[in-house]
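# Secondary and tertiary structure notes
Spelled out, the chains give:
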Amino acid sequence: MIIEKLIGDVIAKEGGYSHHSADRGGPTRWGVTQAVAQRHGYRGDMRHFPYRDAVAIYRIQYWLRPGFDKIAEHAPSLAAELFDTGVNMGPAVATGFLQRALNALNRNGADFHDLATDRKIGTQTIAALQQFLRKRGTNGEAVLRKAVDALQGERYITLTETRPRNEAFLYGWLANRIA
(Lines give C-alpha, C1' and ligand atoms only; values in the text may rest on other atoms or scores of the structure.)
Protein backbone atom coordinates (compact mmCIF):
# COMPACT_ATOMS: atom_id res chain seq x y z
CA MET A 1 0.00 0.00 0.00
CA ILE A 2 1.34 3.44 -0.97
CA ILE A 3 0.66 5.08 2.41
CA GLU A 4 2.78 2.57 4.33
CA LYS A 5 5.84 3.44 2.25
CA LEU A 6 5.12 7.17 2.44
CA ILE A 7 4.82 7.10 6.21
CA GLY A 8 8.06 5.13 6.48
CA ASP A 9 9.82 7.62 4.21
CA VAL A 10 8.57 10.62 6.21
CA ILE A 11 9.59 9.08 9.52
CA ALA A 12 13.03 8.29 8.08
CA LYS A 13 13.42 11.97 7.05
CA GLU A 14 12.09 13.30 10.34
CA GLY A 15 14.08 10.97 12.57
CA GLY A 16 13.54 10.34 16.25
CA TYR A 17 13.29 12.87 19.06
CA SER A 18 14.10 16.53 18.41
CA HIS A 19 13.75 19.73 20.40
CA HIS A 20 15.47 22.49 18.41
CA SER A 21 15.39 25.93 19.99
CA ALA A 22 14.42 27.58 16.67
CA ASP A 23 11.56 25.14 15.98
CA ARG A 24 8.19 26.58 16.93
CA GLY A 25 6.82 23.04 17.03
CA GLY A 26 8.64 22.32 20.27
CA PRO A 27 9.41 18.73 21.24
CA THR A 28 8.93 16.38 18.29
CA ARG A 29 9.31 12.65 17.75
CA TRP A 30 8.99 10.83 14.44
CA GLY A 31 8.08 14.23 12.97
CA VAL A 32 4.98 14.58 15.16
CA THR A 33 4.91 17.71 17.31
CA GLN A 34 3.86 17.61 20.92
CA ALA A 35 0.72 19.64 20.14
CA VAL A 36 -0.39 17.17 17.46
CA ALA A 37 0.35 14.19 19.70
CA GLN A 38 -1.67 15.77 22.52
CA ARG A 39 -4.61 16.44 20.19
CA HIS A 40 -4.58 12.70 19.56
CA GLY A 41 -4.60 11.87 23.26
CA TYR A 42 -0.90 11.43 24.05
CA ARG A 43 0.08 12.88 27.43
CA GLY A 44 3.61 11.60 27.99
CA ASP A 45 7.10 12.86 27.35
CA MET A 46 7.72 13.18 23.60
CA ARG A 47 10.98 11.24 23.97
CA HIS A 48 8.76 8.19 24.52
CA PHE A 49 6.06 8.90 21.92
CA PRO A 50 5.29 5.51 20.32
CA TYR A 51 6.10 4.85 16.67
CA ARG A 52 2.73 3.16 16.13
CA ASP A 53 0.94 6.32 17.31
CA ALA A 54 2.93 8.39 14.82
CA VAL A 55 1.96 5.99 12.02
CA ALA A 56 -1.72 6.25 12.97
CA ILE A 57 -1.59 10.06 13.07
CA TYR A 58 0.10 10.23 9.67
CA ARG A 59 -2.46 7.88 8.13
CA ILE A 60 -5.50 9.68 9.53
CA GLN A 61 -4.50 13.34 9.74
CA TYR A 62 -2.20 13.62 6.75
CA TRP A 63 -3.58 11.04 4.27
CA LEU A 64 -7.24 10.14 4.79
CA ARG A 65 -8.68 13.31 6.34
CA PRO A 66 -7.33 15.68 3.67
CA GLY A 67 -8.32 13.28 0.87
CA PHE A 68 -4.86 12.56 -0.51
CA ASP A 69 -5.94 8.92 -0.82
CA LYS A 70 -8.48 10.11 -3.41
CA ILE A 71 -5.74 11.95 -5.32
CA ALA A 72 -3.65 8.73 -5.28
CA GLU A 73 -6.39 6.94 -7.25
CA HIS A 74 -5.59 9.23 -10.20
CA ALA A 75 -2.06 10.53 -9.58
CA PRO A 76 -0.06 8.51 -7.02
CA SER A 77 3.17 10.49 -7.40
CA LEU A 78 1.30 13.75 -6.88
CA ALA A 79 -0.48 12.29 -3.84
CA ALA A 80 2.89 11.32 -2.37
CA GLU A 81 4.12 14.90 -2.80
CA LEU A 82 0.96 16.33 -1.25
CA PHE A 83 1.32 13.97 1.72
CA ASP A 84 4.93 15.00 2.31
CA THR A 85 4.10 18.70 1.90
CA GLY A 86 1.10 18.29 4.18
CA VAL A 87 3.23 16.74 6.91
CA ASN A 88 5.71 19.62 6.71
CA MET A 89 3.35 22.56 6.10
CA GLY A 90 -0.13 21.27 6.88
CA PRO A 91 -2.55 19.41 4.59
CA ALA A 92 -4.60 22.53 3.86
CA VAL A 93 -1.49 24.33 2.58
CA ALA A 94 -0.61 21.36 0.35
CA THR A 95 -4.17 21.23 -1.00
CA GLY A 96 -4.10 24.97 -1.67
CA PHE A 97 -0.90 24.50 -3.68
CA LEU A 98 -2.63 21.82 -5.78
CA GLN A 99 -5.66 24.01 -6.42
CA ARG A 100 -3.53 27.02 -7.32
CA ALA A 101 -1.41 24.92 -9.67
CA LEU A 102 -4.47 23.44 -11.37
CA ASN A 103 -5.91 26.94 -11.85
CA ALA A 104 -2.65 28.21 -13.32
CA LEU A 105 -2.46 25.25 -15.70
CA ASN A 106 -6.05 25.25 -16.98
CA ARG A 107 -5.27 27.51 -19.95
CA ASN A 108 -7.53 30.36 -18.78
CA GLY A 109 -10.42 28.00 -18.16
CA ALA A 110 -10.25 26.30 -21.55
CA ASP A 111 -9.62 22.86 -19.99
CA PHE A 112 -11.76 23.22 -16.85
CA HIS A 113 -13.17 26.01 -14.72
CA ASP A 114 -11.04 27.66 -12.05
CA LEU A 115 -11.34 26.10 -8.65
CA ALA A 116 -12.09 27.98 -5.48
CA THR A 117 -8.86 27.78 -3.50
CA ASP A 118 -10.71 26.51 -0.44
CA ARG A 119 -7.84 24.19 0.56
CA LYS A 120 -10.18 21.18 0.61
CA ILE A 121 -10.20 18.21 -1.74
CA GLY A 122 -13.72 17.72 -2.93
CA THR A 123 -15.51 16.69 -6.07
CA GLN A 124 -14.48 19.81 -8.01
CA THR A 125 -10.78 19.41 -7.23
CA ILE A 126 -10.91 15.74 -8.22
CA ALA A 127 -12.80 16.57 -11.42
CA ALA A 128 -10.28 19.30 -12.33
CA LEU A 129 -7.41 16.88 -11.69
CA GLN A 130 -9.03 14.24 -13.90
CA GLN A 131 -9.60 16.79 -16.68
CA PHE A 132 -6.01 18.01 -16.40
CA LEU A 133 -4.60 14.48 -16.58
CA ARG A 134 -6.85 13.60 -19.55
CA LYS A 135 -5.71 16.72 -21.39
CA ARG A 136 -2.00 16.52 -20.53
CA GLY A 137 -1.47 12.76 -20.45
CA THR A 138 1.17 10.91 -18.50
CA ASN A 139 3.54 13.88 -18.39
CA GLY A 140 0.82 16.01 -16.79
CA GLU A 141 1.25 14.46 -13.35
CA ALA A 142 4.99 15.23 -13.35
CA VAL A 143 4.38 18.84 -14.41
CA LEU A 144 1.69 19.31 -11.76
CA ARG A 145 4.02 17.89 -9.13
CA LYS A 146 6.74 20.35 -10.21
CA ALA A 147 4.25 23.22 -9.85
CA VAL A 148 3.38 22.09 -6.31
CA ASP A 149 7.10 21.78 -5.51
CA ALA A 150 7.72 25.30 -6.84
CA LEU A 151 5.02 26.73 -4.60
CA GLN A 152 6.42 24.82 -1.65
CA GLY A 153 9.95 26.10 -2.29
CA GLU A 154 8.72 29.67 -2.56
CA ARG A 155 6.92 29.31 0.76
CA TYR A 156 10.10 28.05 2.47
CA ILE A 157 11.98 31.12 1.23
CA THR A 158 9.19 33.42 2.42
CA LEU A 159 9.09 31.71 5.83
CA THR A 160 12.82 32.26 6.17
CA GLU A 161 12.65 35.88 5.04
CA THR A 162 9.88 36.67 7.53
CA ARG A 163 11.43 34.69 10.40
CA PRO A 164 15.22 34.56 10.12
CA ARG A 165 15.45 31.82 12.78
CA ASN A 166 14.04 29.50 10.10
CA GLU A 167 17.40 29.74 8.33
CA ALA A 168 18.39 26.88 10.64
CA PHE A 169 15.98 24.67 8.65
CA LEU A 170 15.97 26.11 5.12
CA TYR A 171 18.79 24.02 3.68
CA GLY A 172 17.24 20.79 4.98
CA TRP A 173 13.78 21.77 3.76
CA LEU A 174 15.06 22.43 0.25
CA ALA A 175 17.33 19.37 0.24
CA ASN A 176 14.78 16.91 1.62
CA ARG A 177 11.34 18.27 0.73
CA ILE A 178 11.68 19.60 -2.81
CA ALA A 179 12.03 16.76 -5.33
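Everything that follows concerns the structure shown earlier in this document.
The rules behind these values
Residues numbered from 1 in each chain as written. Predicted model: local features only at pLDDT ≥ 70, side-chain atom pairs only at ≥ 80, totals over all residues. Heavy atoms only, no water. Helix = DSSP H or I, 4+ residues; strand = E, 2+ residues; numbered from the N terminus. Buried < 20%, exposed > 50% of the residue type's maximum accessible area, 1.4 Å probe, protein only. Axes fitted to C-alpha atoms, helices over the stretch in contact; angles between N-to-C directions. Parallel < 35°, antiparallel > 145°, perpendicular 65-115°, else oblique. Left-handed = near helix turned anticlockwise from the far one by under 90°. Contact = heavy atoms within 4.5 Å. Nonpolar A, V, L, I, M, F, W, Y, C, P; charged D, E, K, R; others polar. Core = buried A, V, L, I, M, F, W, Y, C linked by side-chain atoms within 4.5 Å. Polar contact = N/O pair within 3.5 Å; in protein donor to acceptor, adjacent residues only side chain to side chain. 1 Å grid on protein atoms, 1.4 Å probe; cavity = no way out; pocket = protein on both sides within 12 Å on 5 of 7 lines; lining within 4 Å. Points joined across faces, edges and corners; volume = space filled by probe spheres on them.

## A few points about the overall build of the protein chain
Across its full length, the protein chain carries 9 helices and 3 strands. Order of helices (α) and strands (β) in the protein chain, N terminus to C terminus: α-β-β-β-α-α-α-α-α-α-α-α. For the protein chain, the spread of C-alpha atoms along the three principal axes comes to 55 × 35 × 25 Å. Looking at the 179 residues of the protein chain, the share that counts as buried comes to 46%.

## Considering the packing of helix α6 (residues 91–104) against helix α7 (residues 123–136)
At their nearest, the axes of α6 and α7 sit 11 Å apart, and the two run at 45° to each other. The angle between α6 and α7 places the two elements in the oblique class. Here α6 runs over α7; the crossing is left-handed. Listed contacts from α7 to L98, Q99 and L102 of α6 are T125, A128, L129 and F132. Partitioning the contact of α6 with α7 into residue classes produces 5 nonpolar, 2 polar and no charged.

## Focus: the nonpolar core
Of all hydrophobic cores here, the largest spans 50 residues; its most connected members are F49, Y58, I71, L78, F83 and L102. Considering each element in turn, this core owes the most residues, 7 residues, to helix α5 (residues 76–89). Not counting residues within four places of it along the chain, the set of residues in contact with L102 comprises F112, L115, T125, A128, L129, F132 and L144.

## Overview of the environment of F169
Relative to the helices and strands, F169 is located in helix α9 (residues 167–177). The buried category is assigned to F169, whose relative accessible area is 17%. With 125 residues separating them along the chain, F169 and G44 place their C-alpha atoms 26 Å apart.

## Brief notes about the packing of helix α1 (residues 2–14) against α5
In the contact formed by α1 and α5, the axes pass within 11 Å of each other and the chain directions differ by 40°. What the angle tells us is that α1 and α5 run oblique. The interaxial crossing formed by α1 with α5 has right-handed handedness. Two secondary-structure elements touch here, α1 through I2, I3, L6, I7, V10, K13 and E14 and α5 through P76, A80, F83, D84, V87 and N88. Along the lines of polarity and charge, the residues of the contact of α1 with α5 split into 9 nonpolar, 1 polar and 3 charged.

## Some details on the side chain of D84
With respect to the helices, strands and loops of the structure, D84 is situated in helix α5. Among the polar contacts made by the side chain of D84, one reaches the side chain of K13 at a distance of 3.3 Å. Setting aside chain neighbours within four positions, we find D84 in contact with V10, K13 and R177.

## Section: the layout of surface pockets
Over the atoms, a rolled probe matching the size of one water molecule traces out where space is still vacant. Counted as a void, the largest pocket has a volume near 970 Å³. In terms of lining residues, the largest pocket is bounded by 33 residues, among which E14, D23, N88, F169 and W173 are the most central. Secondary-structure elements contributing two or more residues to the lining of the largest pocket are α1, β3 (32–33), α2 (34–39), α3 (51–64), α5, α8 (138–162) and α9. The element contributing the most residues to the lining of the largest pocket is α9, with 5 residues. Class assignment for the residues of the lining of the largest pocket results in 12 nonpolar, 13 polar and 8 charged.

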